[in-house]
Each structure stands twice: as C-alpha cells, then as structure tokens.
Amino acid sequence: MISPDLSRRYFKAKLFRVFCMSVSWMGVLILGVLLYHVCREGLPWLDMQFLEDFPSRFPKKAGINSALFGTLWLISFTALFSVPIGIGAGVYLEEFETKNAFSRFVDLNISNLAGVPSIVYGMLGMVIFVRFFGLEESVLAGAMTMSLLILPVIIISTREALRAVPGTIRQAAFALGATRWQTVYAHVLPQAFPGILTGIILALSRAIGETAPLIMIGALTYVAFVPEGPMDEFTALPIQIFNWASRPQQEFHELAAAGILVLLAVLLLMNSIAVIIRHRLENKNQ
Amino acid sequence: MNVSTMNANSITDVITEKKEEAKNNVVLEIKDLKIAYSGELAVKGVSLSFLKNEITAIIGPSGCGKSTMLRCLNRMNDFILGCTVEGGVLYHGVDLYGQDVDPVEVRRKIGMVFQKPNPFPKSIFDNVAWGPLINGFKGDIHALVEKSLQSAALWNEVKDRLGNSAMALSGGQQQRLCIARTLAMEPEVILMDEPCSALDPVSTAHIEDLMFELKKDYTLVIVTHNMQQASRASRYTAFMESGNLIEFGETKNIFTNPKEKRTEDYVTGRFG
Amino acid sequence: MQSSELILDKSVISLKGSKRWSEEIIKGILFLCSLLSVLTTFAIVWILVKEAGVFFQEVSAFDFLFGTRWAPLLEPRSFGVLPLVCGTLLIVVGTALFALPVGLATAIYLSEYAPSKLRSILKPLLEVLAGIPTVVYGYFALTFVTPMMRLVSDEVQIFNAASASIVVGIMILPMVASLCDDTLRAVPDSLRQGAYAVGATPLEVNIGVVVPSALSGIMASFVLALSRAIGETMAVTLAAGATPKMTADPFVAIQTMTAYIVQVSLGDAPAGEIGYQTIFAVSALLFVITLCMNIFSSKLLRRFREVYE
C-alpha cells in the first residue's frame, strides 16, 4: 500500500519554492544595496566642479575631467576599429563560409578568445601595440587592445542576429539573380541590424568598464590633461576609480563613488540610446 | 546545331543558335537527370522538354521529387549541402551545370516563384525595382515597375501606395507581388513551385488567370499538388512518382486517356 | 551585363558572367576580418611562449609550479607560484559556494515558477547586475562588504579573500543563472509532464528529474562561470590584498595571480629583468588554466546537446 505522505511533501515543495524565489530576488536586492551605497557615498561629491577638474592630491580639488574625456576618446576609437571588423567577420563566417575544417577552427578560436581573461589581452596589447608597433601608452594602443578584447563578443552576436533572418528572404533574392553580397547587403543586414546593434552596445559597455588591460598597457593613473589626439597619453574612468579606491583615505573612497556614478551614467546613456535606436528600427520594419 | 565562338570582352563561351533552327521550340530540356541528397537519389533519371510559351505542369504525390527537379532548373539546388546533380539540364542547348556557367546569370533568365510568398520587408516599389537595379538596369525604373505590376494583375490594387510596406498586403497580393518581382527581371522562363498552395481559393483563381496571360510572353513550368489546377491551366503535364517520370504528354491526354496505369490511378484519386 | 535592355536577345545565349571583381574583393576583405581572430590566438600563444621562455631559462618549471614561496621582487628571491594559485583557488571556492547554488536556484525559479511578467522584470535586472564594471565591485567589496564583516568579527582583516569572493560571486551570478536557465529550458517538457503524472511535487520533479537530466549542461555553465571568476582582476586587486601566502583562511589578505600581474604592471620593474618576466609566466599559467576550463565546459555542453537535440 503506497502511503504518499503528501502533506509533508507539499510542505517541503513549498519551502523549496520560497527558497528559489527569495534567492532570485536576492540578486536584485544586492543590486539595490550596491547602488544605494554608491549613491550615498558619492552623490555629495558630484557637482560641476567634479566634472571639470583634474585629479589632484587634495580630494576637495579633485575632479574626473581627464578620465571622462579619456574614456570618450578610447571608446570612440575602439568602436571605430572593432565594429566594422567584428561585423565583417560575423558576416563572412555566417553568410559566405561553408561548413568546413577552416570555419570550425575559426569558431573554436572565437569561442576560446571570448573566455580569455581580460588581463591576458592587456598583456597582448602591451607587447604588440605599445612595444612592437611603437605606439607607446596612447589612446590608439588602448583602443586597439580593447577592440581585440570585445571582437569575439561582436562576432558572436552578429552571427546570431544574422542567423535569425529567415532563409526565405535570401532564397527570394537569389532567385532574382542576386549575388551573395548583394543579398546580404540589401536584405539580410538591414533585417539583422537591431540585433547586431544590441550586441555592439553590449560589447562597448563591457569595454568602457574594463580596467585591467588599460593598466597593463600603461594608461597612467595620474593624468591632468585631456587627450588631444589618438597618440596622446590618457586615463580612463575605471582607472581613475581604481586609483582613488586604492588609497587609504576615506575621502578618496567617496571620490571613487562619485566617479562610479559618472561611469554608470555613461553606461546608462549608451544603453538608452541603443534601446531607442533599436525601437525606431524595429518600428520602421513593420 | 552550329556552335561558333564569339569574341567579347568578358564572355569567353558564347553559343549562338540560329533562329531558323528553333523549329523544336524547346527552351529547356533535361536529359537523364539524377539528383541525390547526400547519396540518396531523389530524382532517378528523368528526361523532359519544356516548350516555348507553353505551361507545363509537374504533378505527383508528396516526395516524388518534383520540387527538387524544379529547383535544378535555375540552380537553386546549389544552396543545399550535399546535393549532387548528374545528367544534362540544357537551356537553349547550353548545359546549365557546365564548367563556365555562372548560376547568377542563370537565375536572371530563369525566374522562380515560391510556395510561400516571400516579399522583402521593404516597400512594394522597392520589391519590384531591386532586382533590375542591382543587375544594372539603367532605363525608366518606374515604367518597368508599373509594367511588371500590371502584368501581375496587381497594379490597380497598389498603384496609390507603392511606398507602403509589402508586408501589409494580403497573402494573394504578396504572391502576385512576388510574381511581379520576377517579371521585372524579364526572364524567359518562370518556374513556380506550388504557387497557390498557401493561398485561399479566390487568390488561387486570380493567379491561375494570370498564368494564362503570362504564357503569351513567357514559358512556365509549374509544380502543383492540385490536379484540377494542372488540368485547367497547363498544356503539357508530367507525372512523377518516387523520383521517376511515369508519363509525359498533353494534359488532356494525361487526364482523360493516360497510357500508364499508375498515372490513371493517381489522376482518378485512387492514391496520392 | 546589358545596359538599358534586359530583354534577352534570344540568338545569343551566354551564361558565363563576367568575373565579378567587386564581389571577390568584398569577400576577400570580409575574410581578412575573420582571420584576425585566428591571428589573435596565435599572437597570444606566441608572446606567452616567447616571454615566459625568458623566465623559464632562469627558473625551472618544477620550481615554479611546485614551489611554495612567491617572492620574485625582493631578496631572497623565490619563484614558487603556488601561493598565487592558492589565493586564486580560495577566491574561486568562495565564489562557487555562493554563486553556484544561488544561480541554479534562480534559474529554477525563472524557468519553473516565475510567471512571465515577473520573468521579464527579473531577467533584465539580473542583466544589469552583469553589466556593472568589475572595478565597481572591487570598490563595493572594500567599502561595504569588508566593513560589514569586520563588524561581526575582529579577526577579519582589511584585505581578505572572503569579501572579494562574495562580490565576484555576485558578478558571475547572472551568468550562472542565465546559462542554467537556457539549459533547463532545453530539457523537453515531456520529461516534466511524465514526472508530474506519477504524482510528484514540483520540488521532486525539479531536483529529482529535471536537474539530473540537465546535469552536464549545468556543469558546463558552472565551469564557464568559474573560469570567468579565475580571470577576474579588479575586484580581487582592490579587496583581496597583495600578500601572497599559502592559506585556507578566507579572512586574511592573500594575492591572486591576476592581482599580482597588476601589481607588477603598476610598479617599476624593468622589462627583461627576471622579476618582470614573472608576469608572463603567471599569465601563461592563467591562460592555460582558463583555456582548459573553457574546453572542458564546451565538451560538457556538447554532451548535453547530443542528448537533447
């Protein structure tokens, strides 16, 4: 005779459910605590003077101007390099290459590269771009290093976006006597673009927040000027935050919090623009 | 058949066929065609001719290889991995699977309409205009678009909204748009792969009427499940089963007085 | 191609198109783009081998891999990397203890229990957590988590492994949850239905049936996330300390492989000098470890996919 002992089992099941649920929301709770802590520490320091001043030994005079502009320069050049190459590689691998040993080798490469720690990329950048190419500790070296770092992310998300475009569109274009590139350029890419854009923004957001590679290529931690050209030395928001956070004084910690707020604001801005653009593009396609 | 070579800039293989010799009116011809998917034969040695300005229907039960064979005629089978083609597919005597033949050129002369309408997610105008434009068309594109839409019996319904998205059209309209798009390329042959199976009866009737008009200027090859459609619309019919051509002849004979028993069984509905 | 007339002159049949140079050029450019990824891998491997080679000319691999004292810059020098590995391991274990169960439970909640509206709120929020830069997590560990821990006990040092573990755990939590969620969803519903049909409760269905059948996929997610934790740099640099030591105590300062590399890069050791070359040896070790983990993870994933796809 089977005795189900249901009430105890139901109780355990309920407990399990509550456990899973609370654990899930714990992540959100932690996010809330983190943001609250950063705001509480950093907001008092966030004012126009903070945005306009350069770092200084004196906390009250310190500002984030050089880091902010350094980040903007860095991201612009990173996008310049990584976006065309990343999309180009994604298009080639998804639309032009057949399934053979070479393409499988490239796939393997890309997924491995996606998992390599960012500090190894920093080391790569240091040896190749800073030393071998002779670019010194410049914005250009930093941008090229970052580009290599986020390239696998862009390639992977581009391929997924291309894969989502239905094959019937390609067939229709081929049946009209179009070449592969004509088909991809006129039909596949436009349809895949919202997905590609999302991938690019994700990749660039990651690049903005990365610190280790920049440290390795020698982005300076005390920079009191704004870069004026791609060969200039620079600093960046995460580096400045790291610098302030590493100091023992409480005030520098609070400055770090203010810097974090600026960094998060930049990220938020970038992602919002992407959401808006994506929304516009998807509405246009209807 | 005279074969002479002509010197032209980038064309090294030109076969000229004298007009008087077109007595046989054969536009497209397949000779002992065998098509295999990864080694498994789907079409097992079919020989057939398609005559100019006539509609030829290919009928047969599901899986008999008719769509596979159709896709061979404009080299759309190239896109299927593991698909091998043996035998001859001759277009005005030129083997489409020959060494120097460019499949892109083939598809400009032999167009295709698919089973499920697949307009581009662009405007109606752009759908029709794109093909000619990428192929170097330099004339009056608006006139060409209008002419194509008229030939596809769609012009009156869309002439005021050429800028609207093609996705907003009904199924039947979309299919006619796909036909217009194919016509804009001014091909010689139009292949249709079950063009009405995704449409309602009214749209189907429209398209069948269209086929009669089209055959005046084009050669049509239609794969269809619908025997009534085949018997209404086509002059010649080929009946295929399990990759083999069972019978080919004038449609009226196939349907009223077939030579083979299998054919008779199929057209009277005993199977399939 | 013909100019204004597209109508075929029926007496001239030419099916050989002119070689489309523009198409070939474009294809070539795109091919070069995809080649860059292969070049990057080769470059990484080549540099690591070459530069670490300089190091290994002076220090034997055995001393490096099995030595227990790491003092490459100060006299008396010693090049045993185990303290750094131990530091990294301590962080990873702490991270695993936190992030793996929590991540899996979150994934179960998302795929099994959460109504779709809640899911559409929760998932993006977790994505935000994943998008926060690592240096922010380091800051959080240093200025919030560690003080909290020190409130509880005086034994906790200012730099310690535990608070770094916790924030790295938070950092990889969304990754674990998302990967496990995909894995669980790939398990066919018919399996769940069958289990419910014999009268099992949701707990029993999930723990007893779904999770075991998704096990290799879940393991793959775990390994991938931990590989990411191993490579994590900024949080551990800020919060875990710069004192390499062999210890199992999570409340004292340690140093990880990644933090060591940062320390040397910020310092003044000249290139070519053995102390400086240590960063390449440590990088090489790091690269090999993460590579092995990633390969292992994809093998597990392939095994999972073979069963269900």
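What to know about the overall build of chain A
Now for step 1: The number of helices and strands found in chain A is eleven helices and zero strands.
Now for step 2: Seen in sequence order, chain A has helices and strands lined up from the N terminus as α-α-α-α-α-α-α-α-α-α-α.
Now for step 3: Expressed as lengths along the three principal axes of its C-alpha atoms, the size of chain A is roughly 70 × 70 × 40 Å.
Now for step 4: Within chain A, the proportion of its 286 residues that are buried is 57%.
Now for step 5: Considering only contacts in chain A between residues 6 or more positions apart, those separated by 24 or more positions represent 74%.
Now for step 6: When the accessible surface of chain A is totalled, it reaches about 12,500 Å², and 67% of it is carbon and sulfur.

Considerations on the overall build of chain B
Now for step 1: Within chain B one finds ten helices and eleven strands.
Now for step 2: Taken over the C-alpha trace, chain B has a radius of gyration of 19 Å; the compact-globule value for 272 residues is 19 Å, and the two agree within 12%.
Now for step 3: If one aligns the C-alpha atoms of chain B with their principal axes, the spans along those axes are about 55 × 50 × 40 Å.
Now for step 4: Counting every position in chain B, which comprises 272 residues, the buried fraction comes to 54%.
Now for step 5: Sequence separation of 24 or more characterises 66% of the internal contacts of chain B that already satisfy a separation of 6 or more.
Now for step 6: Counting only carbon and sulfur atoms, one obtains 49% of the accessible surface of chain B, whose full area is about 11,900 Å².
Now for step 7: Where the 30 positive side-chain charges of chain B centre and where its 34 negative ones centre are 2 Å apart.

As for the interface of chain B and chain A
Now for step 1: Residue-level contacts link 22 residues of chain B with 18 residues of chain A.
Now for step 2: Summing the contributions of chain B and of chain A, the shared interface buries around 1,800 Å²; its carbon and sulfur component is 67%.
Now for step 3: Where chain B meets chain A, there are zero salt bridges.
Now for step 4: Scanning the region where chain B abuts chain A turns up five residue pairs in polar contact (both at pLDDT 80 or more).
Now for step 5: Of all the secondary-structure elements, those providing two or more residues to the side of chain B that touches chain A are helix H2 (103-109), strand E7 (110-113), helix H3 (124-134) and helix H6 (171-184) of chain B.
Now for step 6: Here the side of chain B that touches chain A is built from residues that sort into twelve nonpolar, five polar and five charged.

A look at the sheet that holds strand E10 (residues 236-241) of chain B
All names here are of chain B.
Now for step 1: Spatially, the six strands line up as an open sheet ordered E7-E8-E9-E4-E10-E11, and their pairing is mixed. What marks the edges here is a single partner per strand, and that holds for E7 and strand E11 (244-250). Across the sheet, the mean angle separating the axes of adjacent strands is 15° when strand polarity is ignored.
Now for step 2: Pairing between E10 and E11: six bridges, direction antiparallel. Paired with Ala238 across the strands is Phe248, a residue of E11.
Now for step 3: Here helix H1 (residues 66-73) sits on the sheet and contacts strand E4 (55-59), E7, strand E8 (189-193), strand E9 (219-223) and E10; the angle it forms with E8, its principal contact strand, is near 155°.
Now for step 4: Sheet contacts for helix H7 (residues 201-214): E4, E8 and E9; angle to E9, the most-contacted strand, approximately 150°.

Focus on the pairing of E7(B)
Residues and elements named next belong to chain B.
Now for step 1: Burial along E7 is two-sided: the face carrying Ile110 and Met112 and the face carrying Gly111 and Val113 are both buried.
Now for step 2: Where E7 and E8 come together, four bridges link them in parallel fashion. Note on E8: the bridge partner recorded for Gly111 is Ile190.

Comments concerning the side chain of His253(A)
Now for step 1: Secondary-structure assignment places His253(A) in helix H11 (residues 250-285).
Now for step 2: Under the relative-accessibility criterion, His253(A) is labelled buried at 12%.
Now for step 3: Other than its neighbours up to four places away in sequence, His253(A) contacts Trp244(A), Ala245(A), Arg247(A), Pro248(A), Tyr139(C), Leu142(C) and Thr143(C).

Focus on the sheet that holds strand E5 (residues 83-91) of chain B
Residues and elements named next belong to chain B.
Now for step 1: A sheet is described by the order of its strands in space; here four strands give the open sequence E3-E2-E5-E6, paired in antiparallel fashion. If you trace the sheet from one side to the other, it starts and ends with strand E3 (40-51) and strand E6 (94-95), each paired once.
Now for step 2: Where H1 meets the sheet, its contacts fall on strand E2 (26-37), E3 and E5, and the angle it forms with E2 comes to roughly 125°.

What about the pattern of salt bridges?
Now for step 1: Under the counting rule described, the total for this entry stands at 30 salt bridges over all chains.
Now for step 2: Across the pair Arg163(A) and Glu94(A) runs a salt bridge whose closest N-O atoms are separated by 3.2 Å. Note that Arg163(A) is positioned in helix H6 (residues 139-163) and Glu94(A) in helix H3 (residues 65-96), a separation of 69 residues in sequence.
Now for step 3: Using a relative accessible area of 51% as the deciding quantity, one classes Arg163(A) as exposed.
Now for step 4: A salt bridge links Asp32(B) to Lys34(B); the nearest nitrogen and oxygen atoms lie 3.3 Å apart.

Overview of the interface of chain A and chain C
Now for step 1: The interface of chain A with chain C comprises 72 residues on the first partner and 76 residues on the second.
Now for step 2: Carbon and sulfur atoms supply 81% of the area that chain A and chain C bury against each other, a total of about 6,400 Å² over both sides.
Now for step 3: Our count for the contact surface shared by chain A and chain C stands at two salt bridges.
Now for step 4: For Arg9(A), the salt bridge identified is with Glu204(C), shortest N-O distance 2.7 Å.
Now for step 5: A per-element tally of the side of chain A that touches chain C places helix H1 (residues 6-42) of chain A first, with 22 residues.

Observations regarding the packing of aromatic side chains
Now for step 1: Applying the stated criterion across every chain, the model contains 22 aromatic pairs over all chains.
Now for step 2: Seen in terms of ring centroids, Phe120(B) and Trp130(B) are 5.4 Å apart; in terms of plane orientation they differ by 80°. Their pairing is edge-to-face. Linking Phe120(B) in the loop between E7 and H3 with Trp130(B) in helix H3, this pair joins segments that are ten residues apart in sequence.
Now for step 3: Between Phe140(C) and Phe144(C), the ring centres sit 5.0 Å apart and the planes meet at 10°, which makes this aromatic pair stacked. Of this pair, Phe140(C) and Phe144(C) both sit in helix H5 (residues 134-152), four residues apart, roughly one helical turn.
Now for step 4: Feature note: the residues Phe55(C), Phe56(C), Phe64(C), Trp70(C), Phe79(C) and Tyr260(C) constitute an aromatic cluster, connected by ring pairs.

Digging into the pairing of E10(B)
Residue and element names in this part refer to chain B.
Now for step 1: When you tally the buried positions in E10, you get six out of six residues, the bulk of the element.
Now for step 2: Here E10 shows no split at all, with Tyr236, Ala238 and Met240 on one side and Thr237, Phe239 and Glu241 on the other all buried.
Now for step 3: The pairing of E4 with E10 spans four bridges and is parallel. Residue pairing in the sheet places Ala57 in a bridge with Thr237 of E10.
Now for step 4: Between the end of E10 and the start of E11, which pair antiparallel, lie two residues, with Ser242 showing a positive phi angle near 50°.

A short note on the confidence of the model for chain B
All names here are of chain B.
Now for step 1: Counting all residues, the mean pLDDT for chain B is 85, and 90% of those residues have values of 70 or more.
Now for step 2: Element-level mean pLDDT values for chain B span from 40 in strand E1 (residues 15-16) up to 94 in E9.
Now for step 3: A low-confidence stretch, residues 1-23 (pLDDT under 50), is modelled with 27 contacts involving residues beyond four sequence positions or located in other chains.
Now for step 4: As scored by the predictor, the complex reaches a pTM of 0.85 and an ipTM of 0.88.

Analysis parameters
Residues numbered from 1 in each chain as written. Chains lettered and ligands numbered in written order. Predicted model: local features only at pLDDT ≥ 70, side-chain atom pairs only at ≥ 80, totals over all residues. Heavy atoms only, no water. Helix = DSSP H or I, 4+ residues; strand = E, 2+ residues; numbered from the N terminus. Buried < 20%, exposed > 50% of the residue type's maximum accessible area, 1.4 Å probe, protein only. Contact = heavy atoms within 4.5 Å. Areas by Shrake-Rupley, 256 points an atom, 1.4 Å probe, with all protein chains shown as cover. Rg over C-alpha atoms; globule rule 2.2 N^0.38 Å. Lys, Arg positive; Asp, Glu negative; His and termini not counted. Charge placed at Lys NZ, Arg CZ, Asp CG, Glu CD. Buried area = accessible area lost by both parts, 1.4 Å probe. Salt bridge = Lys/Arg side-chain N within 4 Å of Asp/Glu carboxyl O. Polar contact = N/O pair within 3.5 Å; in protein donor to acceptor, adjacent residues only side chain to side chain. Nonpolar A, V, L, I, M, F, W, Y, C, P; charged D, E, K, R; others polar. Pairing = 2+ DSSP bridges. Axes fitted to C-alpha atoms, helices over the stretch in contact; angles between N-to-C directions. Phe/Tyr/Trp six-rings, centres within 6.5 Å; stacked < 30°, edge-to-face > 60°. pLDDT = per-residue confidence, 0-100.

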